[in-house]
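# Structural overview
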Amino acid sequence: MNSDPFKIKSPDDRVSMLISAVIILALMYWAKVIIIPVALAILFTFLLISPVNWLENHFIPRVPAVIIASAVLLGLLLAATFGVTQQISSLIDSYPEYEENITAKISEYQELGRHGTLEKLQAVTERIENQLELAQKKDDSAPAAAKDKEIIIPQPVKIVEEGPFSMSKLWSFAGPLLEPIANLGFILVLVIFMLINREDMRDRLISLIGTGQLTDTTRALEDAGYRVSRYLLIQLLINCFYGLVISIGLWLFEVPYPLLWGFFAALLRYIPYLGAWLAAILPISLSLLISPEWSITIKVISLFVILELITNMILEPLLYGRGIGVSQTVLLIAVAFWTWLWGPVGLILASPLTVCLVVMSRYIPDLKFIDILLSDRPALSSVHRYYQRLLANDEDESFDVLESDLGNNQGSLALTFDEIVAPALALARADLYSGKLNKNVYKELVDLNNKVVTDLSEVTKDLAEKSIPTTVKSKKKVLLMPAKDDTDEIAVQTLAKLVDPGCLDVYVIKPGVMVSEVVELIEEKSPDVLAILSIPPGGIAHIRHVCKRVQARFPDLKIIIGRLGLHDEYHDMNKQQLSQISSGSVEFTLGNIITKLKQLSTLD
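The residue numbering used here restarts from 1 in each chain and proceeds along that chain's sequence as written. Residue-level local features of this predicted model are given only where pLDDT is at least 70; pairs of side-chain atoms are given and counted only at 80 or more, and the full residue set underlies all totals for whole chains, interfaces and linings. By convention in this description, side-chain values take in all heavy atoms of the structure and omit both hydrogens and water.

## Describing the packing of helix α3 (residues 62–93) against helix α10 (residues 258–268)
- All axes here are fitted lines through C-alpha atoms, helices being fitted over the stretch that makes contact, and every angle between N-to-C directions spans 0 to 180 degrees. Numbering of helices and strands runs from the N terminus, with a helix taken as a DSSP run of H or I at least four residues long and a strand as a DSSP run of E at least two residues long. The N-to-C vectors of α3 and α10 enclose an angle of 125°; their axes lie 9 Å apart at closest approach. By the angle between their directions, the pair α3 and α10 is classed as oblique. In terms of crossing hand, the pair formed by α3 and α10 is left-handed. Between α3 and α10, the residues in contact are A80, V84, Q87, I88 and L91 and L259, L260, W261, F263 and F264, respectively.
- Three residue categories are used. Nonpolar comprises Ala, Val, Leu, Ile, Met, Phe, Trp, Tyr, Cys and Pro, charged comprises Asp, Glu, Lys and Arg, and polar comprises the others, including Gly. Of the residues assigned to the contact of α3 with α10, the class counts are nine nonpolar, one polar and no charged. Orientation labels follow simple angle bins: below 35 degrees gives roughly parallel, above 145 gives roughly antiparallel, 65 to 115 gives roughly perpendicular, and whatever is left gives oblique. Here is the rule for handedness: rotate from the far helix to the near one, and if that takes an anticlockwise turn smaller than a right angle the crossing is left-handed, while a clockwise turn gives right-handed. We call two residues in contact whenever any of their non-hydrogen atoms come within 4.5 Å of each other.

## Structural notes on the sheet that holds strand β2 (residues 504–508)
- Read across the open sheet, the five strands follow the order β2-β1-β3-β4-β5; overall the sheet is parallel. Sheet topology places β2 and β5 (585–587) at the edges, where each strand pairs with a single neighbour. Strand after strand, the sheet turns through a mean of 20° between neighbouring axes, direction not considered.
- One requirement defines pairing of two strands: DSSP has to find at least two bridges between them. As paired elements, strand β1 (residues 476–482) and β2 share five bridges and run parallel to each other. Opposite L480, over in β2, you have V508 as the bridge partner.

## Quick notes on the UniProt feature "transmembrane region" (unreviewed entry) in the protein chain
- UniProt positions are given in the numbering used here, feature names are shortened, and annotations may be inferred rather than shown by experiment. The sites that UniProt annotates as "transmembrane region" (unreviewed entry) are residues 20–47, 59–84, 177–196, 231–253, 259–284, 296–315 and 335–360.
- The distance separating the terminal C-alpha atoms of residues 59–84 is 36 Å; by composition the span is 88% helix and 0% strand.
- End C-alpha to end C-alpha, residues 231–253 measures 32 Å, and it is 96% helix and 0% strand.

## Things to note about the pattern of salt bridges
- Should a side-chain nitrogen of Lys or Arg be within 4 Å of a carboxyl oxygen of Asp or Glu, the pair is scored as a salt bridge. The full count for this structure, using the stated rule, is 14 salt bridges.
- Of the charged contacts, one joins E397 and R389 as a salt bridge, the two residues approaching to 3.7 Å between their closest N and O atoms.
- Three labels apply to residues, based on accessible area from a 1.4 Å probe with only protein chains included: buried if under 20% of the type maximum, exposed if over 50%, partly exposed otherwise in between. For R389, a relative accessible area of 16% corresponds to the buried category.
- D455 is paired through a salt bridge with K451; the nearest N and O atoms lie 3.4 Å apart. Of this pair, D455 and K451 both sit in helix α19 (residues 439–459), separated by four residues, roughly a single helical turn.
- Relative accessible area serves as the criterion here: at 25%, D455 is assigned to the partly exposed category.

## Quick look at the pairing of strand β3 (residues 529–534)
- Summarising burial for β3: six of the six residues are buried, a large majority.
- Side-chain alternation along β3 places V529, A531 and L533 on one buried face and L530, I532 and S534 on a second face that is also buried.
- Of the strand pairs in this sheet, β1 and β3 are connected by five bridges, and their pairing is parallel. Bridged to L480 within β3 is A531.
- Inspection of the sheet shows β3 paired to strand β4 (residues 558–563) by six bridges, in the parallel sense. In the strand pairing of β4, I532 is matched with I561.
- Here, the term right-handed applies to a crossover whose path from the first strand over the helix to the second runs clockwise when the strands point away from the viewer. Considered for its hand, the β-α-β crossover made up of β3, helix α23 (residues 540–553) and β4 is right-handed.

This is the structure:
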């Protein structure tokens with residue numbers, strides 16, 4: 001029996017999960033009359049949790065605290081609805097006051113468009129319409145005589161007796177008025193019960209998912225609750241501030257009904273990026289109507305532009321902090337999806353629902369693809385992005401990835417090599433051994449990597465390159481050897497560039513050299529240390545062969561084995577294998593190898 005309810009082991013299970021998702025979406029659309037009030041109740045519950053907790057912390061019992069918070073929210077909603085309704089009604093009634101300006105603006109536009117493209121297009125359209133009318137008259141002239149001879153058959157007249165006012169007529173009149181009131185009452189009652197019994201609801205949800213998922217479920221609920229509640233409160237405050245400033249600005253510019261436009265600005269700003277400009281259309285249009293001058297319109301446009309820049313660049317980054325964890329591009333798509341599914345209510349619920357979906361997907365392994373698609377975290381790590389760009393033969397972006405990491409590492413080429421280049425080369429070699437890459441593509445990839453690393457080394461600000469070489473009385477000699485091929489040689493060449501030439505004399509062995517030639521070179525150069533660098537997978541057998549021959553001939557020679565680009569989980573296993581081969585030290589980063597060589601240079 002599968003103890004993990006979220007564990008999907010077979011393709012059939014994945015198909016079943018996809019079918020279940022489609023059924024859930026269809027149910028959400030079909031039963032939206034019930035689901036939308038429940039979703040709104042959950043939204044308002046998240047919104048009121050913080051105020052209720054604040055009231056409870058100030059010695060107000062839970063039930064009165066919930067009632068006070070709910071009553072304040074209901075009062076604000078009713079007041080806003082009443083005010084907006086009155087403003088809209090007044091705006092419609094005042095239309096005749098602006099009719100003269102509207103006529104003047106239309107005449108001005110017509111004057112601007114005279115003898116222009118618009119007028120020519122209108123003339124062509126009229127000519128086409130005239131030709132179509134003439135053709136229609138010719139077609140209708142033939143059957144006209146036959147139509148005159150047709151016998152007109154009288155139609156029976158149904159007499160309906162008027163009866164008393166029926167209940168169906170009463171319901172057709174009162175139903176549309178009572179439905180929103182009933183929904184509002186249902187939402188209010190549901191919010192009150194959710195706030196009072198929120199711990200019980202949390203425990204029931206955890207029990208429904210299963211106690212086997214207790215840790216992940218708790219983390220998911222806490223994370224989702226914190227993010228959604230905080231996001232809703234901050235967004236509400238920012239939007240209210242935005243609408244208030246718009247209202248004050250329009251009032252100063254003498255634009256009629258500033259409170260109405262401020263309300264729409266605050267409401268429509270729930271639509272990411274587009275909402276503020278949609279809200280700006282109405283006051284800008286009105287400013288064109290109320291005055292024949294353009295000065296008010298320019299002021300209104302400037303108000304929206306400046307306020308939007310301040311809100312996006314200062315307030316939101318300052319208040320949101322780590323944000324809601326959703327990609328902004330995906331959030332726009334989510335707004336369109338939820339609006340299509342639930343209409344205007346989906347517009348308001350899009351952000352919190354998407355946040356909940358992303359947070360839950362982080363703790364459910366088989367929903368990880370949702371986190372990858374929707375979250376604002378990078379989809380690929382720097383290593384995989386660099387390797388993918390090498391596979392695509394994209395030299396420029398490959399260099400950009402390394403240069404960005406180099407800046408984060410304060411100009412340390414060694415750290416960048418250890419964090420990105422070596423792991424990427426290890427991935428390439430693993431793909432070569434598994435048959436995913438052929439030898440020609442692998443060689444092109446290694447050559448491109450070598451070129452990118454060489455270009456990077458020319459602009460790096462690594463301290464080893466920028467510092468003045470240190471001079472010692474007797475330099476130590478270091479022999480650098482790639483374990484196998486050109487891939488290992490990249491590590492050797494990089495290390496050679498990072499070694500201080502004032503302290504060490506470095507000799508580099510080319511790849512493919514026979515072990516007997518290595519022994520002869522050691523005998524000729526008499527180095528103080530031999531460093532053998534290898535990129536996994538593979539290479540251990542060749543290292544074993546080299547170490548065996550060298551230690552048999554030169555038992556006092558220090559040996560450093562560098563195993564670069566290896567996952568941390570394999571360090572102990574590789575260290576144990578290589579320790580059995582050689583008495584020298586085993587290192588897994590260029591930084592550690594450089595440290596060992598510096599220690600060697602200070603020895604007398």
